[in-house]
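# Observations on the model geometry
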Amino acid sequence: MTYVERTLLYVGGKTHVKEVCAVLNQAHKLQVGVQLLESPNDSYCYISDGAESLQTDYLAQLLSHRDASGKLQTIALDLSTLHGKSSEAQCAAFRESMRAVAEICRDLNVTTAVEPMLLNFTPSSSMNDRAAPARKAARLVRGVAEGEDDPTCAHHGIVNIFEGGRKEIDKVLKAAMNITEEQSAADAAKIKNMRTHVGWFSSPSCSLIYQTVKYTALFSSKGYAVGSKFRQWILTQLAAQEGDIPGDQLLGSVEDLLAICGSRDYVFFMNAAVTERFSQDGSLLTFLEEEDTMGAEAGGKLRKSILLGFRSDYIMAAVRAMALICDSALWELLRAIGSDTHILDILPVMWPETLAFFEAAAAAPSKVVDGSLTLSLSVAREAKVTPRATRAAIDIARIREKAAGDTIIEKMLSSAFTAMAEGTRNHASEFLPGGNFCSEKITDELRQRLSGMPTTSTSAERTFALGRDHDQRAGACRDDTRSGAILGAMDNTHEFMRGREKGEEEWRMLRRLARRGMKETMAEKRIAAGRVAATERNAKLEGHRAKQAAKKKELARLEAIPLATRYSELKGMVGDELVDQLRKHKLLGKKGFTVTQPNREAYFLQLQTLLLEADPAANDLEDGDSGITGRGIRKKSAGGGGKRKKKKKGVIYYMDYEWTQEEEDDFEVSAIVGKVRFLPPLLMPPPPLTPSPALTHCLPPVRVHAGGCRWQGDVCEPGQGQGGHRPLPRRVEGLPARPRLVRAGGQPRRGLSQGVRGARRGGGGSRRGVGA
């Protein structure tokens, strides 16, 4: 038998790879613990951020400090699933991560026991965005009181400040294009969603930039993307015209467009100059026109939209304004915050100088156009000369020439810089004069505490970028293997383990710990996480569920209450009984009224109106009985046989009611019950009317006036009031209308009720009408 010895490449299986990643996750915890133990006196800054990937919320936690050489170093603490978005949940996740680090160090004999320094580790500072939950979580981690906030991410501040300027440019642009607020509101959700889609009406200039970037993408698999075709076309055109195109004319270089992804809103400002470059004849504009002429199928709607934007003077004016803002300020700001210089040596100088520039630019936008006014920071790094920077200089020179003397561009710039100055006062207030971290308040103690703080929190966002790339390649996987693959690559954990004195032995111990953790299945982890989330969920829903239970109980009680159908059934009701009747009507679907009424009279009037609408025969009261007593009109005692009572002078009598002449002057119509019939206007204006309390019972539509004249076109007959008449004008039946009011002075409007309720009110002799 012959044996052949060969050297074969060992390729681990899927399970082995997962185990290696899980072991790497445990090794990374060891790496964090060893670093903290080796630098116990360093000032560490806590950096955190949250994001979602594959329908799972993750929390990235990092620690930064300065090494012996003074260079800023950042190490990831953990990348764990987040079971709650509250500040308390984030603080609990930090404590759990530190507990895991302390236990790993104990299990590998790095420490003899769970080290209190690790278990109770507290960072000296924090860096995060300006969201209230993030700032509160940072305070909880640091163990400080409310209001003792540390500086926030400068990148987020720049984003918010420039977003405010962009909105002001859009306001000027939409006013010039006659785009209404209603049209803008229809697209507001799109532009708020960080440019997943940009609504045309919401921001025409950003829409054009966004569409140009997507349409000319070089490595996109979308059917509408023509970046490679355009690049081939423009290179061919430029090669054919070599020597005929001036050196200062730029038409191609599609790679200069930056991809729009993530939440960096200022990418629109960066792409504005390149978009303007492509709007020239002989560039993308000509290519799209030729494609449109040939009827190319790919990206037809998108192509027409881009052509519309290129041909609009107003939209291109906004694009040029954004390019000028980018050249005059944005690049300088990004160069300033991109170094690892101490934060107190940069931001307390940068933001006051930036504010002064914004105010000067708002007052003199023409100087921004001609380039005589630009932001020059004393703390910014020197700009590098690259091929792209050279092309950008050619772009901005062309844009300045086109924008010279353009009043709408100057108006856009003035509005934008004014808003950006106000945004700087808001988002950078802690570094401006009087702020907690301004130059005047910097002390040696403060410098030491913030020595490990970077100017931005982008390191946490880089973690999520690596996570999204991992998820695209590997798909869904266990959280421990995912964390090990990402964090191990970020912090070079394999090099750390190879540099350990007992690395092989520690790796075997870490493998046992990882296998122990992998015995817990993902289903069991989801159940455990669900229980934690259910506690928080139930706490939020407890009040709602209690309200729902009380509502069901109330509905059951109302269903058992009989509904009154006649006026007479209401007379004996009081207080809560009247309220329950109105609630019962609400339960049956009646609308147009409120359950709460100001007084007993209003309850009766509202209920009578509802009953009358449901049944015209609901009024079963006797003539003269309103169903409401004790409202200023005195009812006589029941008459019997015998002598007739002598009428008193100055007292008005009608049926079972009596009132004085003084009360006659105070009489008002308080409500109109029932439907109103339309009465056509009379040929001659009627004399002033004196409404009478005699109309407290249901009568046909009627007008009572004090005169005895006969109106032209109307037939009058004597009324039952004192000296009154009853005109009988023509009626139009079957035309219900809303209750009409009676004007002050007694002049009626165009209709009278089927039933009028009177009430005496104190005061002078004016007469007012109050609708039911």
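In what follows, the accompanying structure is described. Model, not experiment: these values are computed from the prediction. (Residues numbered from 1 in each chain as written. Predicted model: local features only at pLDDT ≥ 70, side-chain atom pairs only at ≥ 80, totals over all residues. Heavy atoms only, no water.)

## Remarks on the pattern of salt bridges
For the coordinates displayed, the defined rule picks out 38 salt bridges. Put simply, arginine 99 and glutamate 103 hold a salt bridge, and the shortest N to O gap is 2.6 Å. Of this pair, arginine 99 and glutamate 103 both sit in helix H2 (residues 87-107), four residues apart, which is roughly one turn of that helix. Note that arginine 335 and glutamate 332 form a salt bridge whose closest N and O atoms lie 2.7 Å from each other. Placement of both arginine 335 and glutamate 332 in helix H13 (residues 313-337) is noted, with a separation of three residues, approximately one turn of the helix. Take arginine 335: its relative accessible area is 22%, and that puts it in the partly exposed class. Judged by relative accessible area, which is 12%, glutamate 332 ranks as buried. (Salt bridge = Lys/Arg side-chain N within 4 Å of Asp/Glu carboxyl O. Helix = DSSP H or I, 4+ residues; strand = E, 2+ residues; numbered from the N terminus. Buried < 20%, exposed > 50% of the residue type's maximum accessible area, 1.4 Å probe, protein only.)

## So, helix H16 (residues 387-403)
With 17 residues, H16 should cover 24 Å at 1.5 Å per step; its first-to-last C-alpha distance of 25 Å lies within 8% of that length. Burial in H16 covers these residues: Arg391, Asp395, Ile396, Arg398, Ile399, Arg400 and Ala403. Note on H16: the residue one or two positions beyond its end, glycine 405, has a positive phi of about 80 degrees. (Expected span 1.5 Å × (residues − 1).)

## Some details on the nonpolar core
One finds Phe162 and Phe417 to be the most contacted residues of the largest nonpolar core, which totals 106 residues. Per-element accounting of this core gives the leading share, 17 residues, to H13. In this structure, phenylalanine 417 is in contact with Ile325, Ser328, Phe357, Phe358, Ala361, Ala362 and Val368, ignoring residues within four places of it in sequence. Among the nonpolar cores identified, the runner-up in size contains 31 residues, and Leu77, Val101, Leu118 and Leu513 belong to it. (Core = buried A, V, L, I, M, F, W, Y, C linked by side-chain atoms within 4.5 Å. Contact = heavy atoms within 4.5 Å.)

## Topic: helix H20 (residues 479-491)
Taking 1.5 Å as the rise per residue, H20 with 13 residues should run 18 Å; its terminal C-alpha atoms sit 18 Å apart, in good agreement. Burial of H20 is extensive: 10 of the 13 residues sit out of reach of the surface. Buried within H20 are the following residues: Asp480, Thr481, Arg482, Ser483, Gly484, Ile486, Leu487, Gly488, Met490 and Asp491. Within two residues after H20, asparagine 492 carries a phi angle of roughly 55 degrees, on the positive side.

## Some details on the packing of helix H5 (residues 154-176) against helix H17 (residues 407-427)
In contact at an axis separation of 8 Å, H5 and H17 are set at 150 degrees when each is read in the N-to-C sense. In terms of axis orientation, H5 runs roughly antiparallel to H17. H5 and H17 meet at a crossing whose hand is right-handed. Between H5 and H17, the contacting residues are Gly157, Asn160, Ile161, Phe162, Gly164, Gly165, Glu168, Ile169, Val172, Leu173 and Ala176 on the first element and Ile408, Lys411, Met412, Ser415, Ala416, Ala419, Met420, Gly423, Thr424 and His427 on the second. Grouping the amino acids of the contact of H5 with H17 by side-chain chemistry returns 11 nonpolar, eight polar and two charged. (Axes fitted to C-alpha atoms, helices over the stretch in contact; angles between N-to-C directions. Parallel < 35°, antiparallel > 145°, perpendicular 65-115°, else oblique. Left-handed = near helix turned anticlockwise from the far one by under 90°. Nonpolar A, V, L, I, M, F, W, Y, C, P; charged D, E, K, R; others polar.)

## Some remarks on the pairing of strand S2 (residues 56-66)
Across the 11 residues that make up S2, a large majority, nine, are buried. As defined by bridge partners, strand S1 (residues 45-53) adjoins S2 across nine bridges and the pair is classed as antiparallel. Bridge pairing links isoleucine 47 to leucine 62 in S2. With antiparallel pairing between neighbouring strands as the criterion, S1 and S2 make up a hairpin whose turn holds two residues, including leucine 54 at a positive phi of roughly 55 degrees. Both S2 and strand S3 (residues 72-81) contribute to a ladder of nine bridges, which runs antiparallel. Within the sheet, the bridge partner assigned to leucine 59 lies in S3 and is serine 80. Count of turn residues in the S2/S3 antiparallel hairpin: five residues, of which glycine 70 carries a positive phi of about 90 degrees. (Pairing = 2+ DSSP bridges.)

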